[in-house]
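An overview of the molecular structure
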Amino acid sequence: MQWTSSREPVGIAIGSPVLHEHIMRCPACKRVYRCEWIDELIPPHGRYAYDLIVEVGRARFSDHRQQVEISDRLRHNHGIDLPVGSIHHL
């Protein structure tokens, strides 16, 4: 094992887990191996899962919702307390 990385992403399907990723390195070829499925759920170096990003984008641009409405909707429907500023950046 080369090192361990910890992340606390937020998503609709995954909730708010604490992920501990063990990054491995081959002693012969020095290639680094990471967990591939984490990057399918969460962007590299990201805090929010793709499903949450899509939900915010859909509410904002397709449904024409305001940031406060999206925040309230996420809290009510999914139990996710997402700040209005984060919705703006997403």
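As shown above, the structure is provided for reference.
In this report, the structure presented in the accompanying data block is examined. Just so it is clear, the structure is predicted and the values come from calculations on it, not from any experiment.

**Comments concerning the sheet that holds strand S2 (residues 19–25)**
Within a sheet, adjacent strands bond to each other through the backbone by hydrogen bonds, running parallel or antiparallel. What the three strands build is an open sheet, ordered S1-S2-S3; its pairing is antiparallel. Here the strands that pair on one side only, and so sit at the sheet edges, are strand S1 (3–7) and strand S3 (32–33). Relative to S3, S2 runs antiparallel, the two being bridged by two bridges. When the sheet's bridge partners are listed, Arg25 is paired in S3 with Val32.

**Notes on helix H3 (residues 67–78)**
Quick reminder: α-helices carry 3.6 residues per turn. Residues three or four places apart thus point the same way. End to end, H3 covers 16 Å across twelve residues, agreeing with the expected 16 Å (1.5 Å per residue, within 8%). Those residues of H3 lying buried are Gln67, Ile70, Ser71 and Leu74. One side of H3 holds all its buried residues, which, seen down the axis, span an arc of 100°. Of the exposed residues in H3, those oriented more than 90 degrees away from the buried face are Val68 and His76. Elements that come into contact with the buried residues of H3 comprise helix H2 (50–62) and helix H4 (84–89). One or two positions beyond H3, positive phi appears at Gly79, with a value near 70°.

Cut-offs and rules
Residues numbered from 1 in each chain as written. Predicted model: local features only at pLDDT ≥ 70, side-chain atom pairs only at ≥ 80, totals over all residues. Heavy atoms only, no water. Pairing = 2+ DSSP bridges. Helix = DSSP H or I, 4+ residues; strand = E, 2+ residues; numbered from the N terminus. Expected span 1.5 Å × (residues − 1). Buried < 20%, exposed > 50% of the residue type's maximum accessible area, 1.4 Å probe, protein only. Arc of directions from axis to C-beta. Contact = heavy atoms within 4.5 Å.

The values reported here are purely geometric and, on their own, carry no functional implication.
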